Amino acid sequence: MKKTILTGIRPTGNLHLGHYFGACQNWLKLQNDYEFFLEIADVQALTDNFDNPEKVRKNVKELSIDLLSIGIDPKKTRMFIQSKIPEIAELTVFYSNLVTIARLYRNPTVKTEIAQKKALFGNEGESVTYGFVGYPVSQAADITAFHGELIPVGEDQLPLIEQCREIVRKFNHIYGETLKEPEALLSPTPRIKGLDGNEKMGKSLGNAIYLADDEETISKKIMNAKTDPEKIKKDDPANPEICMVYYYHKLIKNENLETVCKECKAGSRGCVACKKELIEKMNEFLSPIREKRTYYLEHPEEVKQILEDGTKEAKKKAENTLSSVKTSMNINYEEL
Ligand code: TRP
């Protein structure tokens, strides 16, 4: 029997190269060998964006189209919308009794995110909502609803998987063996850097290349990418290891990589020429994705159907889980 994989992604923006190389590329492989569930985590996105549901709503569609365009295959993967499966919300309520507030505040991921919020919005304790602090509980429900065994995540998510494991153990201890303890499947690629050399790529940092970017946008962004600051003139030798243009040549596997490196070091390659080559290669890389994006943008009814089918399959599994959870807790009330 194939093992079950469950992963989720928040619909708060389009996919960028950081998502693609950091996570999605791995999903494309995993979907071939596992029972693969891919959750568009709109409920979780709302914990941060409850005052802007329109943003979440719009990005459910954008993200679904991005995911299909990179090769998420609806024949292999059950892609579904979290809020369409109320069983997840019910499980969240039952699990919330098994977690202390102190433990949630100690979760390193939650802790870091609260600190980031405080840095942005000031030190008012009130800005942290119950829903936000509780999102690890809801994520435990995401995972266990489908008996997820392997959870592909980046390093920052490991504390959430650990918290889920604790919830599962506590549930099984109190109510009897019911749920499966998941294991994290750490992403094989480290975090992808931004065009400006920042360790993280992201929308707020303005340093990301999106899979949906058109040729002109790609060109502008790459022309502004950070290169070796010591290189002033076109034929100065430079250090490719600190150049983001070289970093991206490497990332998208330019077959001329060795030449790029050699010429850069020797000073026989100007940055403008090097950037132009990257623009060309980047467009080659993005072109099949763009074609599929255009197709799905023109066929929204097909995207809708894929989500409906995925959600239906996923819901069946979540219904079974909820039913066995209620049976274990002896709250099925089939007879009084
Ligand atoms: N918290 C994850 C993120 O921000 C998204 C997510 C939601 C998730 N539910 C999940 C990841 C379940 C793994 C399993 O990236």
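Residues numbered from 1 in each chain as written. Predicted model: local features only at pLDDT ≥ 70, side-chain atom pairs only at ≥ 80, totals over all residues. Heavy atoms only, no water.

**Student:** What exactly am I supposed to notice about the site of the ligand here?
**Tutor:** What surrounds the ligand is a group of 13 residues, the closest being Arg10, Gln44, Gln139, Asp142 and Gln157. Take Gln139: an N or O atom from its side chain is 2.8 Å from a nitrogen atom of the ligand. Burial of the ligand by the surrounding chains reaches 86%, relative to a free accessible area of 360 Å². Among the secondary structure elements, those contributing two or more residues to the shell around the ligand are strand E1 (4–9), helix H8 (135–145) and strand E4 (150–153). Across the shell around the ligand, the residue classes tally to 5 nonpolar, 5 polar and 3 charged. (Near = heavy atom within 4 Å. Polar contact = N/O pair within 3.5 Å; in protein donor to acceptor, adjacent residues only side chain to side chain. Areas by Shrake-Rupley, 256 points an atom, 1.4 Å probe, with all protein chains shown as cover. Helix = DSSP H or I, 4+ residues; strand = E, 2+ residues; numbered from the N terminus. Nonpolar A, V, L, I, M, F, W, Y, C, P; charged D, E, K, R; others polar.)

**Student:** Would you explain the side chain of Thr92 in this entry?
**Tutor:** Looking at where Thr92 falls in the secondary structure, it is placed in helix H4 (residues 86–95). A relative accessible area of 18% means that Thr92 is categorised as buried. In terms of polar contacts, Thr92 uses its side chain to reach the backbone carbonyl oxygen of Ile88, at 2.7 Å. With residues up to four places along the chain from it excluded, the contact list for Thr92 reads Val137, Ser138 and Ala141. (Buried < 20%, exposed > 50% of the residue type's maximum accessible area, 1.4 Å probe, protein only. Contact = heavy atoms within 4.5 Å.)

**Student:** Which parts of the structure should I look at to understand the domain arrangement of the chain?
**Tutor:** With domains assigned, the chain is organised as domain 1 (4–192 + 301–335) and domain 2 (213–294). For domain 1 versus domain 2, the distance between C-alpha centres works out to 36 Å. Contact residues are listed per partner, giving 13 residues for domain 1 and 9 residues for domain 2. Buried area between domain 1 and domain 2, both sides added, is near 920 Å², and the carbon and sulfur share of it is 66%. For domain 1, the biggest contributors to the area lost against domain 2 are Leu17, Phe21 and Ser69; these three give 50% of the whole. A salt bridge links Asp66 to Arg293, with the shortest nitrogen-to-oxygen separation between them at 2.4 Å. The set of elements that each furnish at least two residues to the side of domain 1 that touches domain 2 consists of helix H1 (17–33) and helix H3 (53–70). Grouping the amino acids of the side of domain 1 that touches domain 2 by side-chain chemistry returns 7 nonpolar, 3 polar and 3 charged. (Domains from an automatic or database assignment. Buried area = accessible area lost by both parts, 1.4 Å probe. Salt bridge = Lys/Arg side-chain N within 4 Å of Asp/Glu carboxyl O.)

**Student:** Even after reading the chapter, I still don't get the environment of Ile252, so can you show me in this structure?
**Tutor:** Mapped onto the elements of the fold, Ile252 is located in the loop between helix H11 (244–251) and helix H12 (257–266). Owing to a relative accessible area of 12%, Ile252 belongs among the buried residues under this scheme. A C-alpha to C-alpha distance of 32 Å links Ile252 and Gln305, two positions 53 residues apart in sequence. Leaving out residues up to four positions away in the same chain, Ile252 has contacts with Phe21, Leu278, Lys281, Met282 and Phe285.

**Student:** Explain helix H9 (residues 158–175) to me, please; I cannot follow it from the model alone.
**Tutor:** Because the α-helix completes a turn every 3.6 residues, residues three or four places apart line up on one side. The end-to-end C-alpha distance of H9, which contains 18 residues, comes to 26 Å, matching closely the 26 Å that a straight helix rising 1.5 Å per residue would cover. Among the residues of H9, those classed as buried are Pro159, Leu160, Ile161, Gln163, Cys164, Ile167, Val168, Phe171 and Asn172. Of the residues flanking the end of H9, it is Gly176, one or two places downstream, whose phi is positive at about 100 degrees. (Expected span 1.5 Å × (residues − 1).)

**Student:** What is the right way to read the side chain of Asp236 from this model?
**Tutor:** Inspection of the secondary structure assignment puts Asp236 in the loop between helix H10 (215–223) and H11. Relative accessible area serves as the criterion here: at 16%, Asp236 is assigned to the buried category. Within the structure, Asp236 has its side chain in polar contact with the backbone nitrogen of Ile232 (distance 2.9 Å). Only 2.8 Å separates the side chain of Asp236 from the backbone nitrogen of Lys233, close enough to count as a polar contact. Not counting residues up to four positions away in its chain, the partners in contact with Asp236 are Glu230, Lys231, Cys264 and Gly267.

**Student:** How should I be thinking about the packing of aromatic side chains in this particular structure?
**Tutor:** The relative placement of two aromatic rings is captured by the distance of their centres and the angle of their planes. With the rule as written, the count across this model stands at 10 aromatic pairs. Ring centres of Phe21 and Phe285 lie 5.6 Å apart, and the angle between their planes is 25 degrees; on these two criteria the pair is classed as stacked. With Phe21 in helix H1 and Phe285 in helix H13 (residues 271–298), this residue pair connects regions lying 264 residues apart in the sequence. Given a relative accessible area of 6%, Phe21 falls into the buried group. Through pairs of rings, three or more aromatic residues link up here, namely Tyr20, Phe21 and Phe285. The lysine or arginine in question, Arg10, covers the ring of Tyr135, its NZ or CZ lying 4.7 Å from the ring centre. Over the ring of Phe37 we find Arg78, and its NZ or CZ is 4.9 Å from the ring centre. (Phe/Tyr/Trp six-rings, centres within 6.5 Å; stacked < 30°, edge-to-face > 60°. Lys NZ or Arg CZ within 6 Å of the ring centre and 35° of its normal.)

**Student:** Is there a simple way to think about the packing of H8 against H9 in this case?
**Tutor:** In a pair of packed helices, the angle between the axes and the distance between the axes together describe the arrangement. Between H8 and H9, the least distance of the axes is 9 Å, while the angle of their chain directions is 70 degrees. In terms of their interaxial angle, H8 and H9 are classed as roughly perpendicular. Together, Tyr135, Pro136, Val137, Gln139, Ala140, Ile143 and Thr144 of H8 and Leu160, Ile161, Gln163, Cys164, Ile167 and Val168 of H9 make up the contact between the two elements. Of the residues assigned to the contact of H8 with H9, the class counts are 10 nonpolar, 3 polar and no charged. (Axes fitted to C-alpha atoms, helices over the stretch in contact; angles between N-to-C directions. Parallel < 35°, antiparallel > 145°, perpendicular 65-115°, else oblique.)

**Student:** What's the story with the pattern of salt bridges in this structure? I'm lost.
**Tutor:** When the charged atoms of two side chains with opposite charge come close together, those side chains can pair. Using the criterion set out here, one finds 26 salt bridges in the structure. The residue Lys76 makes a salt bridge to Asp73 at a minimum N-O spacing of 3.8 Å. One salt bridge in this structure joins Lys304 and Glu308, with 3.6 Å as the shortest N-O distance. In this pair, Lys304 and Glu308 both sit in helix H14 (residues 300–328), 4 residues apart, roughly one turn of the helix. A relative accessible area of 39% places Glu308 in the partly exposed class. Residues joined in a network through salt bridges with shared partners are Glu35, Arg78, Glu313 and Lys316.

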